[in-house]
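Summary of structural features
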Amino acid sequence: MSTESRKTLHKGANTTLAHGPYDPYSLHGFVNPPVVHASTVLFEDTARLRDRASSQYTYGLRGTPTTTALEEALDQLEGSAGTILVPSGLAAVTVPLLAFLSAGDHCLVVDSVYSPTRQFCNGTLRRMGVSVDYFDPHVGASIAELMRPETKVVFLESPGSNTFEMMDVAAVCEAAHAGGAVTMIDNTWATPLFFRPLEHGVDLSIHALTKYPGGHSDVMMGSVSATAETYKRLRATQLQLGINAAPDDTYLVLRGLKTMGVRLARHQASALELAEWLAGRPEVAEVLHPALPSFPGHALWKRQFSGSSGLFGFVLEGSLARANAFLDALELFGLGYSWGGHESLAVPVDLSDRTIATGPQSAGDGKGTLIRLQIGLEDVVDLRDDMETGFRAAAAV
Ligand SMILES: Cc1ncc(COP(=O)(O)O)c(C=O)c1O
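Residues numbered from 1 in each chain as written. Predicted model: local features only at pLDDT ≥ 70, side-chain atom pairs only at ≥ 80, totals over all residues. Heavy atoms only, no water.

Observations regarding the site of the ligand
Applied cut-off: Throughout this document, a residue counts as near a molecule or strand when at least one of its heavy atoms sits within 4 Å of that molecule or strand. Whenever a nitrogen or oxygen atom comes within 3.5 Å of another N or O atom, the pair is scored as a polar contact, on the condition that within protein one atom can donate a hydrogen and the other can accept it, and that pairs from neighbouring residues in sequence are kept only if both atoms are in side chains. Reported accessibility uses the Shrake-Rupley method at a 1.4 Å probe radius. Residues are deemed covered only where the shown protein chains occlude them. Lining residues are those with an atom within 4 Å of a point, where the points come from a 1 Å grid over the protein atoms alone and group into cavities, where a 1.4 Å probe fits but cannot get out, or pockets, open sets with protein on both sides within 12 Å along at least five of seven lines. Any molecule with more than half of its atoms within 2 Å of a cavity's or pocket's grid points is regarded as sitting in that cavity or pocket. Polar here means any residue other than Ala, Val, Leu, Ile, Met, Phe, Trp, Tyr, Cys and Pro, which are nonpolar, and Asp, Glu, Lys and Arg, which are charged; Gly is therefore polar.
For the ligand, the set of nearby residues contains 13 residues, the closest of which are Gly89, Leu90, Asp186, Thr210 and Lys211. The separation between an oxygen atom of the ligand and a polar side-chain atom of Trp339 is 3.0 Å. For the ligand, the protein covers 91% of the area, taking 390 Å² as the surface of the free molecule. Placement of the ligand is best described as lying within the largest pocket. Counted by class, the shell around the ligand contains five nonpolar, five polar and three charged residues.

Here it is in structure tokens:
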């Protein structure tokens, strides 16, 4: 099958992941793409050297067959015109912001954004002379009222980091475009299997590939997938900044992608089962999971998303000491600031940098502690037993 026909395959998600756009027959039939370690690329003669714009590869930084394989796989999943790779999910946030903002511009950012994104906006962007305002994730079409003539970027994340507020993505994007802004979304929670932002009017879809695409807690990488109108400027900025993804890391993500569908199905089912179980526990004030009908953003999730991943939160009633006892008693759940890998994790959530109170009302002031859970690939019964032990330890405080 030709490379062109592979790129346009429209089959089920797992078929797409298993086969991808990479053409094994482009390299002797080996089923996986090569890991190309490269700086120098040789040209056969001066004519080709001078006319390098017509060569696909010219220098290691500018891409290799390995990075192309991952970029094309992500384009296929996101329905994007082009994808760039960067060395972390956070770089996948900062590079597009740098690409589309200049001194004097205004940027609107959802208040439930990943905390390091906020730090970049408050730090580097403001230092550059960009003004930044945060908006309520439930803003919908009334984002129009916050737009200024100089608003150049509207940055979304849905669900929100740690608190899982759902946004009406199409309504925000329509109003942002009407005001002349470019829209970006951190789509890490859903992966392109559960949400395809470009179909909802988003211009740039951002992923921490570190999470579900890598899937094994052993690699850091990010990607930005863009529309035809925004891709050129995004790619130019990536190359001007001099960053790309390393070949071995790229290969790890390509390898992770092959099983992302089956892993996500498992993360989804286990997380839902445990979220429902937690909702029935007397120690739990609230469960924050978009796929639970009791969650305030459930209708928005249902209308826009086709699934839910393994990350959600719950509020454990009582003092911080009780929450610490719960967390310290866990044996299977590790205490660690990541997610999307094979192993379950738990962290207490700090919401002190939020400017708009859209998080759980039952957390804080000694009422309760918001705990974020990443549900891994373990057996649900063992994870439940682990949390039972945690609840017993909390009760003993
Ligand atoms: C929603 C979200 N976006 C981006 C990132 C950043 O990814 P990375 O850790 O690869 O920089 C994270 C990391 O936790 C995240 O949770």
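Here we look at the sheet that holds strand S4 (residues 151-157)
This is how the line gets drawn: Two strands qualify as a pair provided that DSSP identifies no fewer than 2 bridges between them. Secondary structure elements are taken from DSSP: a helix is a run of H or I of four residues or more, a strand is a run of E of two residues or more, and numbering for both begins at the N terminus. Simply put, an axis is a line fit to the C-alpha atoms, just over the touching stretch for a helix, and the angle between two N-to-C directions goes from 0 to 180 degrees. Any pair of residues with heavy atoms lying within 4.5 Å of one another is described as a contacting pair.
Reading across from one edge, S1-S7-S6-S5-S4-S2-S3 is the order of the seven strands in this open sheet, with mixed pairing throughout. Lying at the two open borders of the sheet, with one neighbouring strand each, are strand S1 (82-86) and strand S3 (131-135). Geometrically, the sheet is characterised by an average inter-axis angle of 20° between neighbouring strands, direction not taken into account. Two strands pair when backbone bridges link them, and strand S5 (residues 182-186) and strand S6 (residues 204-208) are joined in this way by three bridges, in the parallel orientation. Each residue of the ladder has a partner; that of Asp186, found in S6, is Ile206. Running at roughly 125° to S1, helix H4 (residues 65-78) makes contact with S1, S6 and strand S7 (222-226) of the sheet. Contacts from helix H9 (residues 228-241) reach S1, S5, S6 and S7, with the element oriented near 25° to S1.

Description of the pattern of salt bridges
The condition that has to hold: Any Lys or Arg side-chain nitrogen found within 4 Å of a carboxyl oxygen on Asp or Glu counts as a salt bridge. Each residue gets one of three labels from its accessible area relative to the maximum for its type: buried under 20%, exposed over 50%, partly exposed in between, using a 1.4 Å probe on protein chains only.
Per the counting criterion, the structure on display carries 15 salt bridges. As a salt-bridge pair, Arg196 and Glu199 come within 2.9 Å of each other at their nearest N and O atoms. Of the charged contacts in the structure, one is a salt bridge between Arg266 and Asp379, with a shortest N-O distance of 3.6 Å. Residue Arg266 is found in helix H11 (residues 260-279), and its partner Asp379 is found in the loop between strand S12 (368-374) and helix H14 (380-395); the two are separated by 113 residues along the sequence. Residue class for Asp379 comes out partly exposed when judged on its relative accessible area of 44%.

Looking at the domain arrangement of the protein
Rule in force here: Either an automatic procedure or a domain database provided the assignment from which the domain bounds are taken. The buried area of a pairing is the accessible area, by a 1.4 Å probe, that goes missing from both parts when the two are put together, added over both.
According to the domain assignment, the protein contains domain 1 (3-258) and domain 2 (260-395). A separation of 28 Å is found between the C-alpha centroids of domain 1 and domain 2. The interface is formed by 41 residues belonging to domain 1 together with 42 residues belonging to domain 2. It is Trp189, Phe194 and Tyr212 in domain 1 that bury the most area against domain 2; as a group they hold 25% of the surface buried on that side. Counting every contact that joins domain 1 to domain 2 gives three salt bridges.

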